[in-house]
Amino acid sequence: MRGSLEGAAMSNETLVPRQFHLLSFEGPDLYARAGGVATRVVGLAEALASHGFDTHLWFVGDPSQPGVERRGRLTLHRWCQWISHYAPLGVYEKEDEKERDFAASLPPFLVRELLLPHLHGGGEAVILAEEWQTAHTAIHLDWLLRRAGLREQAMLVWTANNLFGFDRIDWPRLSAASHVATVSRYMRGCMQALGVDPIVIPNGLGAEAFVPPDTAAVEALRRLASQRTLLAKMARWDPDKSWLAAVEIVASLKQRGARPLLIARGGSEAYGKVVIAHARARGLAVAHQWAATAGMAGLLSAVEAGRERDMVVLESHLNADARSVLLRGADVVLANSRHEPFGLVGLETMAVGGIACTGTSGEEYARAGENALVIAREDPGEFIAQFEAVFARANRVEAMRRSGLRTARQYTWRRVLERHLLPCIGAFGGLASDTLRVA
């Protein structure tokens with residue numbers, strides 16, 4: 001690659017025109033937000049657009065919203081709306097039907113309406129597909145572009161964010177059609193065991209992740225939990241998220257007289273009942289709370305209503321403001337998991353000055369005792385030993401918060417683009433290197 005990606009003097013407008021197309025089930029609509037994939041594709045799309053790239057995000061969107069929506073250089077394309085209209089519960093309702101339709105109908109439209117005019121005009125394109133639901137879409141796109149004789153002007157990269165649906169992927173065909181990527185060295189190891197060797201393009205954080213939470217709300221949260229050890233955990237109700245280990249931490253702290261309070265926000269998965277039953281079997285008092293609003297006031301009212309219990313299960317949505325207050329206000333955010341492809345919650349916690357505890361997956365950004373608590377086993381004693389060592393000295397707590405914030409700043413989307421995505425695209429070949437500069 002010629003020149004530096006950092007602060008290139010030449011404007012993108014003077015270079016070979018390029019398009020970026022992101023293909024994902026999840027996206028920016030509340031209907032399409034189900035987990036970390038939405039955070040990833042929205043952050044990546046906005047970062048590419050902010051750097052001057054003509055960017056298109058194709059996703060399974062809210063059926064009540066426009067099919068096409070332009071936001072400056074970013075264009076949203078809501079696909080499968082004809083199915084979503086009859087599947088109001090969210091992006092993954094009627095998932096198989098949507099996956100088949102996405103793969104069958106999106107590639108011909110994308111090629112005919114956008115790629116052919118752009119590529120015939122001398123442009124180049126990068127197509128980034130996310131998760132198993134887009135694997136057949138990538139294969140179909142590769143076939144259409146080859147048939148049109150334009151495959152050399154387009155680069156396909158398919159990314160695994162998790163192991164979901166791996167048994168449904170035709171790996172030889174996908175590997176022949178697209179470059180394969182994943183989000184961490186941990187995931188790369190999992191995939192190598194399956195005979196697939198992906199490149200690593202990590203997740204990033206948008207500018208909004210670093211907005212300081214409302215100070216008054218953080219202080220109010222801490223007053224509500226005065227004289228208690230305040231823990232938070234936000235994850236799907238899933239065994240891989242180590243919910244039972246989190247419950248054991250709370251039970252062990254209670255036995256030691258620490259008066260813990262766990263604020264838990266899960267999903268709609270049935271496994272939540274298993275977690276709650278286990279908590280009660282361990283003698284923990286559990287409160288289920290619904291907030292009238294998704295914001296900070298709703299969070300504070302829910303915690304106040306359940307603060308005499310050991311565990312408060314939030315049954316309603318938290319918006320970004322409330323989420324950042326919880327991540328910063330908790331003594332520790334339990335981002336412990338036995339299988340964590342990347343660990344975005346831990347990084348988001350660091351970005352607002354909170355303290356995260358990561359789990360047995362070994363998130364590569366986490367360094368025990370320096371910027372996070374890191375537990376290698378699902379043993380509450382390991383957490384308690386680290387917690388007590390850090391919180392015994394206030395200056396060590398503050399040093400860990402500052403170190404975590406410095407770490408998070410290494411994972412802004414701009415840095416991910418400059419250090420990982422664009423160099424990898426350049427290394428794959430097939431595109432003029434000047435098209436990959438960041439303005």
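Would you take a moment to explain the environment of Ala 264 for this structure?
Looking at where Ala 264 falls in the secondary structure, it is placed in strand β10 (residues 260-265). Overall, the relative accessible area of 0% leaves Ala 264 in the buried class. In sequence terms Ala 264 and Ala 235 are 29 residues apart; their C-alpha atoms lie 8.4 Å from each other. Apart from the residues lying within four places of it in its own chain, the contact partners of Ala 264 are Lys 233, Trp 237, Trp 243, Met 311, Val 312, Val 313 and Leu 314.

Would you mind showing me how to read the packing of helix α7 (residues 215-224) against helix α11 (residues 320-329) here?
Packed helices, taken two at a time, are described by the angle between their axes plus the distance between the axes. α11 packs onto α7 with a crossing angle of 55° between their chain directions and a minimal axis gap of 9 Å. One way to sum up the angle between α7 and α11 is to call them oblique. In this structure, the crossing between α7 and α11 has a hand that is right-handed. Contacts from Ala 217, Val 218, Leu 221 and Arg 222 of α7 reach α11 at Val 325, Leu 326, Arg 328 and Gly 329. Across the contact of α7 with α11, the residue classes break down as five nonpolar, one polar and two charged.

Is there a simple way to think about the sheet that holds strand β11 (residues 286-289) in this case?
Strand order across the open sheet formed by seven strands is β11-β12-β10-β9-β13-β14-β15, with parallel pairing between neighbours. Of all the strands in the sheet, the pair left with one neighbour each is β11 and β15 (373-374). Contacts from helix α12 (residues 344-351) reach β9 (229-234), β13 (332-335) and β14 (356-358) within the one sheet, and its direction differs from that of β13 by about 160°.

Can you walk me through the confidence of the model for the chain in this structure?
In the predicted model, the chain carries a mean pLDDT of 91, and 93% of its residues have values of at least 70. Low pLDDT (under 50) marks residues 1-15, which in the prediction has 30 contacts with non-local residues, meaning those over four places away or in another chain. Residue range residues 432-439 is modelled with pLDDT below 50. Its contacts to residues more than four positions away, or to other chains, number 35 contacts.

Just to check I follow, could you spell out the state of the cysteines for this structure?
The term disulfide refers to a covalent linkage connecting the sulfur atoms of a pair of cysteines. Here the structure, examined in full by the defined rule, presents zero disulfides. Residue Cys 424 stays outside any disulfide, its sulfur separated by 19 Å from that of Cys 190, the closest cysteine.

Explain the nonpolar core here, please?
A general feature of soluble globular proteins is that nonpolar side chains tend to end up buried together. Leu 23, Leu 115, Trp 158 and Met 191 are the most contacted members of the largest nonpolar core, which has 53 residues in total. Where this core is concerned, the elements lending two or more residues are β2 (54-60), α3 (95-120), β5 (124-130), α4 (135-147), β6 (154-160), α5 (171-177), α6 (185-192) and α12. Here this core gets seven residues from one element, more than from any other, and that element is α3. Excluding residues that lie within four positions of it along the chain, Leu 23 makes contacts with Trp 58, Phe 102, Leu 106, Leu 110, Ile 127, Leu 128, Ala 129, Glu 130, Thr 134, Thr 137 and Leu 141. One finds Ala 251, Met 311, Val 313 and Val 390 within the second-largest nonpolar core, a separate group that totals 32 residues.

Is there a simple way to explain the side chain of Arg 78 in this structure?
Checked against the element boundaries, Arg 78 lands in strand β4 (residues 74-79). A distance of 2.6 Å separates a polar atom in the side chain of Arg 78 from a polar atom in the side chain of Asp 29. Sequence-distant contacts of Arg 78, that is, excluding residues within four places in its chain, are made with Asp 29, Phe 59, Gly 61, Asp 62, Gln 65, Pro 66, Gly 67, Glu 69 and Arg 71.

I keep staring at the pattern of salt bridges and nothing clicks. Help me out?
Two side chains of opposite charge can pair, provided their charged atoms sit close to one another. All chains considered together, the criterion is met by 22 salt bridges. Across the pair Arg 377 and Asp 379 runs a salt bridge whose closest N-O atoms are separated by 3.5 Å. Among the charged side chains, a network of salt bridges with common partners joins Asp 29, Glu 69, Arg 71 and Arg 78.

Got a minute to help me understand unusual backbone geometry in this structure?
If a residue is not glycine, its phi is most likely negative; likewise, a peptide bond is most likely trans. Phi is positive for Glu 131, close to 70°, though the residue is something other than glycine. Phi is positive for Ser 242, close to 55°, though the residue is something other than glycine. Along the chain, Ser 242 turns up in the loop between β9 and α8 (243-255). We classify Ser 242 as buried; its relative accessible area is 2%.

Mind showing me how you'd approach helix α1 (residues 36-50) here?
If you check α1, its first and last C-alpha atoms are 21 Å apart, about what 15 residues at 1.5 Å a residue would give, namely 21 Å. With eleven of 15 residues buried, α1 is to be regarded as a mostly interior element. All of the buried residues in α1 are Val 37, Ala 38, Arg 40, Val 41, Val 42, Gly 43, Leu 44, Ala 45, Ala 47, Leu 48 and Ala 49.

Looking at this model, I keep getting lost on the packing of aromatic side chains. Mind explaining?
Under the counting rule described, the total for this entry stands at 15 aromatic pairs. For the ring pair Trp 58 and Phe 109, a centre distance of 6.1 Å and an interplane angle of 70° mean the geometry is edge-to-face. With Trp 58 in strand β2 and Phe 109 in helix α3, the pair connects residues that are 51 residues apart, well separated along the chain. Trp 58 sits in the buried class, given a relative accessible area of 0%. For Phe 109, a relative accessible area of 28% puts it in the partly exposed group. Members of the aromatic cluster, connected to one another through ring pairs, are Trp 58, Trp 79, Trp 82 and Phe 109.

What should I look at first to understand the packing of α7 against helix α10 (residues 296-306) in this one?
At a minimum axis separation of 10 Å, α7 and α10 run at an interaxial angle of 5°. For the element pair α7 / α10, the angle class is roughly parallel. Taken together, the residues of α10 that come into contact with α7 (itself represented by Ala 217, Ala 220, Leu 221 and Leu 224) are Met 296, Leu 300, Val 303 and Glu 304. Here the residues of the contact of α7 with α10 sort into seven nonpolar, no polar and one charged.

Cut-off values and rules
- Residues numbered from 1 in each chain as written.
- Predicted model: local features only at pLDDT ≥ 70, side-chain atom pairs only at ≥ 80, totals over all residues.
- Heavy atoms only, no water.
- Helix = DSSP H or I, 4+ residues; strand = E, 2+ residues; numbered from the N terminus.
- Buried < 20%, exposed > 50% of the residue type's maximum accessible area, 1.4 Å probe, protein only.
- Contact = heavy atoms within 4.5 Å.
- Axes fitted to C-alpha atoms, helices over the stretch in contact; angles between N-to-C directions.
- Parallel < 35°, antiparallel > 145°, perpendicular 65-115°, else oblique.
- Left-handed = near helix turned anticlockwise from the far one by under 90°.
- Nonpolar A, V, L, I, M, F, W, Y, C, P; charged D, E, K, R; others polar.
- Pairing = 2+ DSSP bridges.
- pLDDT = per-residue confidence, 0-100.
- Disulfide = S-S within 2.5 Å.
- Core = buried A, V, L, I, M, F, W, Y, C linked by side-chain atoms within 4.5 Å.
- Polar contact = N/O pair within 3.5 Å; in protein donor to acceptor, adjacent residues only side chain to side chain.
- Salt bridge = Lys/Arg side-chain N within 4 Å of Asp/Glu carboxyl O.
- Expected span 1.5 Å × (residues − 1).
- Phe/Tyr/Trp six-rings, centres within 6.5 Å; stacked < 30°, edge-to-face > 60°.

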